[in-house]
Amino acid sequence: MSLLEIENVSKRYGSETLALNSVAFSVEAGEFVAIIGPSGAGKSTLLRCINRLIDVSSGDIRFDGVSVPKLRGAALRRHRTQIGMIFQHYNLVNRLSVIENVLHGRLGYKNTLQGILGLYTEYEKREAVRILETLGLSEQMYKRCDQLSGGQKQRVGIARALVQQPKMLLCDEPIASLDPSSAKVIMDTLRDINQTMGITLLVNLHQVDVALHYAERIIGINRGQVIYDGPPQALNNEQIYQIYGSEAGELILDLKERYAA
Amino acid sequence: MEATIPSRRIQVRPRNRANIVIQVTLLTLTVLTLYGLVTIDARNVEFFAAFGDMLANFRVVLFEARLKNLSWFDLFRELMVTVGLGLLTTVFGAVPAFFFALFAAQNLAPRRVTDAVKAVMAFVRAVPTVLWVLFFAVTVGLGAAAAVIGMTFHSISYLVKAYAETFEELDEGALEALRASGANWWQTVFQAVVPSSASAILSWTFVRFEINFSVAIAMGATAGAGGIGYDMFMASSFYLDLRELGIFTYAVLIFAILLEWGATRLKETVGATR
């Protein structure tokens with residue numbers, strides 16, 4: 001059985017906009033999947049349907065054998081603890097320290113009072129420190145998050161997701177606000193997490209070249225529909241133009257470079 | 001180029017409805033003010049003589065201030081009664097206001113709930129504090145108790161609006177991130193909403209404390225709540241002692257300045273660390 005099965009999922013905003021149109025695919029445990037497509041294609045909506053930050057209009061999503069659209073209350077929280085999420089704008093609480101932000105990843109496992117007061121166990125704190133060390137942030141541990149650079153903030157975001165001990169990570173444009181060298185650090189970190197910890201990755205990306213370089217599988221989305229689903233090697237220029245709905249030569253990227261390199 | 005300029009004057013401000021309404025309103029107010037000045041019933045008071053007397057009274061209040069019926073210790077005690085009234089009603093107001101505000105912020109509660117809370121609070125806020133105090137005086141009698149309840153009532157509604165708008169300004173991303181990791185609503189509130197808005201909440205609470213301090217003076221005079229307001233009332237209308245009134249005025253002024261200074265310092269400290 002696949003870790004994640006998406007069956008005929010549609011999402012409608014109002015009566016006009018169809019953000020997702022009968023999307024169907026499944027993801028095996030341990031896969032590294034990149035989702036590419038133009039802005040407004042429905043990539044972010046798709047990720048948020050998987051952890052139910054957005055409710056689907058129709059169709060079914062099964063994660064680890066559990067049907068997600070019907071989850072409520074405590075069961076929904078338990079589902080969300082299984083899935084870490086990383087955001088383009090990091091979404092940290094800027095006024096809190098790095099370690100506090102990382103420990104926020106444990107909130108889903110705690111009862112309300114423990115969460116309100118920020119009472120974490122020694123084990124959880126040690127885990128947070130260990131993860132920060134592996135990500136090279138041990139010196140920043142007690143700094144406030146608004147004092148960090150973009151690349152550091154994103155690593156805090158990754159640490160917060162990892163401390164959840166998730167089965168899968170959803171990454172929504174993780175490098176879209178970063179400079180090329182920070183972006184490389186983040187993408188290398190994600191690949192490392194995928195390979196050494198066996199965590200499944202679902203990454204929304206704007207950069208087709210990055211997607212082709214890192215991912216084992218590409219899903220191309222345009223206007224809420226899956227246009228391409230397969231390995232990066234099989235993706236040709238024609239299909240990229242189809243995903244981005246543009247004519248040949250209108251994209252900055254051309255695949256010739258890939259074969260030249 | 002000359003041909004493109006129309007012959008009649010160019011209208012810079014568009015003649016839309018909003019502008020016309022503003023102009024009509026200003027014109028009406030001007031006419032009413034002039035009418036009021038011309039037809040005012042001065043009751044045979046000589047304008048210039050009265051103005052001179054007023055300045056003379058100001059001089060007595062400000063430059064010949066001294067105590068007579070009260071000792072310095074009494075003055076301090078009475079001032080502290082007024083401060084206590086202001087502080088108490090602010091604290092009593094701030095705690096429930098925080099929780100109500102969570103249900104009045106559109107990014108934290110469903111639309112129907114926020115609309116209901118906001119409507120009730122708008123109603124409470126629309127009635128002036130003094131009226132609430134007099135209203136509660138019917139049930140608990142004129143005095144400190146009515147002042148505390150009435151002022152608390154109005155403080156809650158004021159702070160709910162201020163806090164709720166602070167919460168609505170929050171970065172939606174941080175809330176989303178916590179929700180995505182399985183945090184429940186209360187956890188999100190105390191781990192993301194409170195840390196991010198702490199300094200704004202503190203500053204609004206201090207603004208309300210300043211308001212409550214001045215309202216407490218008025219309540220001492222009008223609702224029998226005691227404190228320096230009552231002494232000011234007695235000095236000005238019963239003993240007709242302008243010099244003692246001067247001391248009270250200075251006491252209030254000095255305390256208000258201290259309050260402002262303290263608030264600024266506190267805000268700086270909270271803003272710097274957290």
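Computed from a predicted model, the values in this text were never measured in an experiment.

1. Notes on the overall build of chain B
What chain B contains, in helices and strands, is ten helices and zero strands. Secondary structure elements of chain B, listed N to C terminal, follow the sequence α-α-α-α-α-α-α-α-α-α. Computed over its C-alpha atoms, the radius of gyration of chain B comes to 26 Å, more than 25% above the 19 Å expected for a compact globule of 274 residues. When its C-alpha atoms are laid out on the principal axes, chain B stretches across 70 × 70 × 40 Å. Within chain B, the fraction of its 274 residues that count as buried is 39%.

2. Things to note about the packing of helix H6 (residues 144–168) of chain B against helix H8 (residues 185–222) of chain B
Residues and elements named next belong to chain B. With their axes 10 Å apart at the nearest point, H6 and H8 run at an angle of 150° to one another. Put simply, H6 runs roughly antiparallel to H8. Our pair here, H6 against H8, has a crossing hand that is right-handed.

3. What about the side chain of Arg106(A)?
Looking at the element boundaries, Arg106(A) is found in the loop between helix H3 (98–103) and helix H4 (112–117). Polar side-chain contacts of Arg106(A) include one of 2.8 Å to the backbone oxygen of Val163(A).

4. Brief notes about the layout of surface pockets
Roughly 390 Å³ of internal volume is contained in the largest pocket. Around the largest pocket sit 18 residues that line it, and Leu53(A), Arg80(A), Asn107(B), Arg179(B) and Trp185(B) are the ones nearest its centre. Looking at the lining of the largest pocket, the elements with two or more residues in it are helix H2 (73–81) of chain A together with helix H7 (172–180) and H8 of chain B. Within the lining of the largest pocket, the residues separate by chemical class into eight nonpolar, four polar and six charged.

5. Focus: the confidence of the model for chain B
All names here are of chain B. For chain B, the mean per-residue pLDDT works out to 88, and 95% of the residues sit at or above 70. By mean pLDDT, helix H10 (residues 242–272) is the weakest element of chain B at 85, and helix H4 (residues 111–126) is the strongest at 94. Prediction confidence for the complex, expressed as pTM and ipTM, is 0.79 and 0.81 respectively.

6. Overview of the interface of chain A and chain B
Each side of the interface is counted separately: chain A has 30 residues, and chain B has 25 residues. Carbon and sulfur atoms make up 52% of the surface buried where chain A meets chain B, a total of about 2,200 Å² over both sides. Counting across the interface, chain A meets chain B through one salt bridge. We note a salt bridge from Glu176(B) to Arg48(A), for which the minimum N-O separation is 2.5 Å. The interface formed by chain A and chain B contains twelve residue pairs in polar contact (both at pLDDT 80 or more). Going through the elements one at a time, H2, strand E6 (83–86) and H4 of chain A are the ones with two or more residues in the side of chain A that touches chain B. The class makeup of the residues in the side of chain A that touches chain B is eleven nonpolar, eleven polar and eight charged.

7. Some remarks on the pairing of strand E3 (residues 32–36) of chain A
Residues and elements named next belong to chain A. With five of five residues buried, E3 is to be regarded as a mostly interior element. Residues of E3 alternate between two faces, with Phe32, Ala34 and Ile36 on one and Val33 and Ile35 on the opposite face, all of them buried. Pairing of E3 with strand E8 (residues 200–205) involves five bridges; the strand directions are parallel. Looking across to E8, one finds that Ile35 is bridged to Asn204.

8. Thoughts on helix H7 (residues 180–197) of chain A
Residues and elements named next belong to chain A. In this model H7 runs 25 Å from its N-terminal to its C-terminal C-alpha over 18 residues, within 8% of the 26 Å that 1.5 Å per residue would give. Residues Ser182, Ala183, Ile186, Met187, Thr189, Leu190, Ile193 and Asn194 constitute the buried set of H7. The buried residues of H7 occupy an angular sector of 155° when projected down its axis, which confines them to one face. In H7, the exposed positions that point more than 90 degrees away from the buried face belong to Pro180, Gln195 and Thr196. Considering only its buried residues, H7 is in contact with E3, E6, helix H6 (150–162), strand E7 (168–172), E8 and helix H8 (208–214). Backbone nitrogen of Ser181 and a side-chain oxygen of the N-cap are separated by 3.1 Å at the start of H7; the cap is Asp179. Phi for Gly198, located one or two positions after H7, is positive at around 70°.

9. Points about the packing of helix H3 (residues 72–102) of chain B against H6(B)
Residue and element names in this part refer to chain B. At their nearest, the axes of H3 and H6 sit 7 Å apart, and the two run at 45° to each other. Put simply, H3 runs oblique to H6. Here H3 runs over H6; the crossing is right-handed. Looking at the contact of H3 with H6 residue by residue, the class counts come to 19 nonpolar, five polar and no charged.

10. Section: the sheet that holds strand E2 (residues 17–27) of chain A
All names here are of chain A. The strand order E2-E1-E4-E5 describes an open sheet built from four strands, whose pairing is antiparallel. At either margin of the open sheet sits one strand with a lone partner, and together these are E2 and strand E5 (66–67). In terms of strand pairing, strand E1 (residues 4–13) meets E2 through seven bridges, oriented antiparallel. Within E2, the position partnered with Lys11 by the bridge is Leu20.

11. Points about the nonpolar core
Membership of the largest hydrophobic core comes to 78 residues, with the highest contact counts inside it found for Leu169(A), Leu190(A), Ile218(A), Tyr163(B) and Phe167(B). Counting residues per element, this core draws most heavily on H6(B), which supplies six residues. The contact partners of Phe167(B), leaving out residues within four places of it in the chain, are Phe98(B), Ala101(B), Leu102(B), Ala105(B), Asn107(B), Leu108(B), Val193(B), Ser197(B) and Ile201(B).

Quick notes on the rules
Residues numbered from 1 in each chain as written. Chains lettered and ligands numbered in written order. Predicted model: local features only at pLDDT ≥ 70, side-chain atom pairs only at ≥ 80, totals over all residues. Heavy atoms only, no water. Helix = DSSP H or I, 4+ residues; strand = E, 2+ residues; numbered from the N terminus. Rg over C-alpha atoms; globule rule 2.2 N^0.38 Å. Buried < 20%, exposed > 50% of the residue type's maximum accessible area, 1.4 Å probe, protein only. Axes fitted to C-alpha atoms, helices over the stretch in contact; angles between N-to-C directions. Parallel < 35°, antiparallel > 145°, perpendicular 65-115°, else oblique. Left-handed = near helix turned anticlockwise from the far one by under 90°. Polar contact = N/O pair within 3.5 Å; in protein donor to acceptor, adjacent residues only side chain to side chain. 1 Å grid on protein atoms, 1.4 Å probe; cavity = no way out; pocket = protein on both sides within 12 Å on 5 of 7 lines; lining within 4 Å. Points joined across faces, edges and corners; volume = space filled by probe spheres on them. Nonpolar A, V, L, I, M, F, W, Y, C, P; charged D, E, K, R; others polar. pLDDT = per-residue confidence, 0-100. Contact = heavy atoms within 4.5 Å. Buried area = accessible area lost by both parts, 1.4 Å probe. Salt bridge = Lys/Arg side-chain N within 4 Å of Asp/Glu carboxyl O. Pairing = 2+ DSSP bridges. Expected span 1.5 Å × (residues − 1). Arc of directions from axis to C-beta. Core = buried A, V, L, I, M, F, W, Y, C linked by side-chain atoms within 4.5 Å.

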